[in-house]
Amino acid sequence: DSGVTQTPKHLITATGQRVTLRCSPRSGDLSVYWYQQSLDQGLQFLIQYYNGEERAKGNILERFSAQQFPDLHSELNLSSLELGDSALYFCASSRTGGAGAVGEAFFGQGTRLTVV
Amino acid sequence: AQTVTQSQPEMSVQEAETVTLSCTYDTSESDYYLFWYKQPPSRQMILVIRQEAYKQQNATENRFSVNFQKAAKSFSLKISDSQLGDAAMYFCAYRLIQGAQKLVFGQGTRLTINP
């Protein structure tokens, strides 16, 4: 058990819908990262939050957004869903997020999103 | 931009034998970390081993060791005495020390252990 909790584990929804994925980082971790794992794209970095603020952005679609709350949990919102959004979405957390941070990222078990 | 390449989509090895998974990366930076992550059928991403680029000594963790060649930008993983539980997807990943802490992953190598 990595200590990172993601809910739900599975999600099936229709095209055009909106879903919210939730992540609770390990106790004490300030940074949260979201990754998308699809069959043809491998693991792709979406976005990082550090202590409530956006720190880095990857190839995240405009239809996707995220936030980190004061209790440090994070949510990834996916809207106007398309078939191609079907993937495994991982959240990871690390101890620090600043320059020179040594802590490796610990991953949650992922949310399997299926868009039908 | 940094890229990570794993040229072996699939590998197989007999139980108790040794197998080496290859990884190359491209970066213009000098300070970074390299990782190997394991993803078993449970889908959990598990950190196997980490190497700091400024360290010349190759990292080892029990049966897992790496061969880090900084000049060649190569980072291979050796698994000794392979066990059935080692069967998984293995991902090589890169991360800067300064600046963005995102992980850049290779496409993965599926490792099969033959009993």
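Further up the page is the structure itself.
Engineer: Hey, could you run me through the overall build of chain A in this one?
Structural biologist: Across its full length, chain A carries 0 helices and 11 strands. Going from N to C terminus, chain A has its helices and strands arranged as β-β-β-β-β-β-β-β-β-β-β. When its C-alpha atoms are laid out on the principal axes, chain A stretches across 40 × 30 × 30 Å. Each of the 116 residues in chain A was classed as buried or not, and the buried ones make up 51%. A total accessible area of about 5,400 Å² is found for chain A, and carbon and sulfur atoms account for 47% of it. Across chain A, the centroid of the 9 positively charged side chains sits 3 Å from that of the 11 negatively charged ones.

Engineer: How do you make sense of the layout of surface pockets when you look at a structure like this?
Structural biologist: The method is simple in principle: a probe with the dimensions of a water molecule rolls over the atoms, and the space it marks as empty is what remains. Within this model, the largest pocket holds a volume of roughly 490 Å³. Taken together, 20 residues make up the lining of the largest pocket; nearest its centre are Gln37 and Leu39 of chain A together with Gln39, Met89 and Arg110 of chain B. Those elements that place two or more of their residues in the lining of the largest pocket are β4 (31-38) and β9 (87-94) of chain A together with β10 (88-96) of chain B. With 3 residues, β10 of chain B is the single largest residue contributor to the lining of the largest pocket. When its residues are assigned to classes, the lining of the largest pocket shows 10 nonpolar, 7 polar and 3 charged.

Engineer: Just checking my understanding: could you explain the sheet that holds strand β7 (residues 64-68) of chain A for this structure?
Structural biologist: Paired through backbone hydrogen bonds, the strands of a sheet run either parallel or antiparallel to each other. Residues and elements named next belong to chain A. Taken in spatial order, the 4 strands line up as β1-β3-β8-β7 in an open sheet, and their pairing is antiparallel. One side of each edge strand has no neighbouring strand; the edge strands of this open sheet are β1 (5-7) and β7. Along the sheet, successive strands turn relative to each other by an average axial angle of 15°, direction set aside.

Engineer: Help me out: how do you make sense of the pattern of salt bridges in this one?
Structural biologist: All names here are of chain A. A full pass over the atoms with the stated rule returns 8 salt bridges over all chains. Here Arg63 ties to Glu82 by a salt bridge, and the two come within 3.7 Å at their closest N and O atoms. Of this pair, Arg63 sits in the loop between β6 (53-57) and β7 while Glu82 sits in the loop between β8 (74-78) and β9; the two residues are 19 residues apart in sequence, bridging distant segments of the chain. A relative accessible area of 43% places Glu82 in the partly exposed class.

Engineer: Help me understand the interface of chain A and chain B in this model?
Structural biologist: Interfaces are frequently sized by the accessible area removed from exposure as the parts join. Contact with chain A, which involves 28 residues of that partner, is made by 18 residues of chain B. Roughly 2,000 Å² of surface becomes buried between chain A and chain B when both sides are summed, with 48% attributable to carbon and sulfur atoms. Counting the surface chain A buries against chain B, the share from its top three residues, Leu43, Glu104 and Phe107 of chain A, is 27%. Taken together, the connections running from chain A to chain B amount to 0 salt bridges. For the pair chain A and chain B, the number of links is 5 residue pairs in polar contact (both at pLDDT 80 or more). Of all the secondary structure elements, the ones that give two or more residues to the side of chain A that touches chain B are β4, β5 (42-50) and β9 of chain A. The dominant element in the side of chain A that touches chain B, judged by the number of residues it contributes, is β5 of chain A, at 4 residues. Residues of the side of chain A that touches chain B, tallied by class, amount to 11 nonpolar, 13 polar and 4 charged.

Engineer: Before we go on, may I ask you to explain the state of the cysteines in this structure?
Structural biologist: A covalent bond between the sulfur atoms of two cysteines is what we call a disulfide. Residues and elements named next belong to chain B. All told, the structure shown has 2 disulfides over all chains when counted by the stated rule. Covalent S-S linkage joins Cys23 and Cys92, the inter-sulfur distance amounting to 2.0 Å. Handedness here is read from the sign of the S-S torsion; for Cys23 and Cys92, about -70°, the answer is left-handed. With Cys23 in the loop between β3 (19-21) and β4 (24-26) and Cys92 in strand β10, this pair connects stretches of sequence that are 69 residues apart. On the accessibility criterion, Cys92 (0% relative accessible area) is buried.

Parameters at a glance
Residues numbered from 1 in each chain as written. Chains lettered and ligands numbered in written order. Predicted model: local features only at pLDDT ≥ 70, side-chain atom pairs only at ≥ 80, totals over all residues. Heavy atoms only, no water. Helix = DSSP H or I, 4+ residues; strand = E, 2+ residues; numbered from the N terminus. Buried < 20%, exposed > 50% of the residue type's maximum accessible area, 1.4 Å probe, protein only. Areas by Shrake-Rupley, 256 points an atom, 1.4 Å probe, with all protein chains shown as cover. Lys, Arg positive; Asp, Glu negative; His and termini not counted. Charge placed at Lys NZ, Arg CZ, Asp CG, Glu CD. 1 Å grid on protein atoms, 1.4 Å probe; cavity = no way out; pocket = protein on both sides within 12 Å on 5 of 7 lines; lining within 4 Å. Points joined across faces, edges and corners; volume = space filled by probe spheres on them. Nonpolar A, V, L, I, M, F, W, Y, C, P; charged D, E, K, R; others polar. Pairing = 2+ DSSP bridges. Axes fitted to C-alpha atoms, helices over the stretch in contact; angles between N-to-C directions. Salt bridge = Lys/Arg side-chain N within 4 Å of Asp/Glu carboxyl O. Contact = heavy atoms within 4.5 Å. Buried area = accessible area lost by both parts, 1.4 Å probe. Polar contact = N/O pair within 3.5 Å; in protein donor to acceptor, adjacent residues only side chain to side chain. Disulfide = S-S within 2.5 Å.

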